[in-house]
Amino acid sequence: MNSQELIGSGLLEAYALGQASTEEVRLVERMRASDPQVDVAITEIELSLEALARKRSVAPPDRVRAALLTELGGRDGARVFPLTRNDRKDQWKTWLAAASVLILAGSIGTNLMLYNRLGRVQDQLARFESEREVLAEQLQVNNASLEGTREQLQVLLDPRRKVIPLAGLPVDPSGSARVYWDPFTHEVHVNVLSLPAPPPGKQYQLWALAGGVPIDAGVFDVVGGLQAMRAITSAEAFAVTLEKAGGVPSPTLSAMYLMGPVG
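Note that the structure is predicted; figures quoted are calculated from it, not measured. (Residues numbered from 1 in each chain as written. Predicted model: local features only at pLDDT ≥ 70, side-chain atom pairs only at ≥ 80, totals over all residues. Heavy atoms only, no water.)

What follows concerns the pairing of strand β2 (residues 176–181). Relative to β2, strand β1 (residues 162–168) runs antiparallel, the two sharing 6 bridges. By the bridge assignment, L166 is partnered in β2 with A177. Here β2 runs beside strand β3 (residues 188–194); their pairing, made up of 6 bridges, is antiparallel. Bridge assignment links A177 to a residue of β3, and that residue is V192. With antiparallel pairing between neighbouring strands as the criterion, β2 and β3 make up a hairpin whose turn holds 6 residues, including H186 at a positive phi of roughly 70°. (Pairing = 2+ DSSP bridges. Helix = DSSP H or I, 4+ residues; strand = E, 2+ residues; numbered from the N terminus.)

Okay, here's the thing in structure tokens:
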């Protein structure tokens, strides 16, 4: 192998980095001693690596320098000895090792920073997802409420429906409610305006009176807004009684709270 082949083989770089085998080191050093071109090429490689190490280096704090001098038994005014060729080679290898450590430390620091940032981003995404779910639930509730309001408005504004006011009877003269009945579709809705809360185990029951016969229209709760009841095909009046929960087949006349004729 001549000098040009050796220079182009990459073996000199491996030698400079300390990665060549024992036989390769002997070959390089033998040719370096006998061929100036090889010596110059190795020196250039060493200088470039040293320049790279210096470029990546970070100056230590003064306290580190003082501690190092104390550990070595030196002083600030200690004599400085010039480096030989071998010393130069050892120096740039030291610089290279130090630069590698600094680069590794910087890489670890960067990775930790990115990891922490990733954690924060993931937390934010989790919060956003939770907020999105809450907003979606609220939207569903609002949509359901809006749909219920729209249906109630359709009932209240439907000109075909008969509005039957129910007035309080002696059991509770202050009671009142309205029944909305569509004679064509037979749909019935009740809107409680004033009724006392029923005792435990009791419910109010709506009745339609047709030909003097009471027809069960279902039980309802004392809540605001319209409540859909059972369909009624014919009615001359509507009444409300207080019955056991779930309703009864025949009204309890002594517990009749409201009544009103169909106009």
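So that's the structure; there's more coming.
A few words now on helix α3 (residues 22–34). The terminal C-alpha atoms of α3, which comprises 13 residues, lie 19 Å apart, in line with the 18 Å expected from a rise of 1.5 Å per residue. Of the positions making up α3, those classed as buried are V28, M31 and R32. Down the axis, α3 shows its buried residues gathered within 105° of arc, on one side only. Exposed side chains of α3 directed beyond 90 degrees from the buried face belong to T22, E23, R26, R30, A33 and S34. (Expected span 1.5 Å × (residues − 1). Buried < 20%, exposed > 50% of the residue type's maximum accessible area, 1.4 Å probe, protein only. Arc of directions from axis to C-beta.)

Attention shifts here to the nonpolar core. Counting residues in hydrophobic clusters, the biggest one holds 24 residues, and the most contacted among them are L166, L206, F220 and F238. Those elements giving two or more residues to this core turn out to be β1, β2, β3, β4 (202–210), β5 (213–220), β7 (237–244) and β8 (256–261). Within the second largest apolar cluster, 13 residues are counted, among which are L12, A16, M31 and I42. (Core = buried A, V, L, I, M, F, W, Y, C linked by side-chain atoms within 4.5 Å.)

Further remarks concern the sheet that holds β5. Read from one edge of the open sheet, 8 strands run β5-β4-β7-β8-β1-β2-β3-β6, paired in antiparallel fashion. Each edge of the open sheet carries a strand with a single partner, namely β5 and β6 (226–228). Mean inter-strand twist for the sheet, computed between neighbouring axes without regard to direction, equals 25°. Both β3 and β6 contribute to a ladder of 3 bridges, which runs antiparallel. Opposite V190, over in β6, you have Q227 as the bridge partner. (Axes fitted to C-alpha atoms, helices over the stretch in contact; angles between N-to-C directions.)

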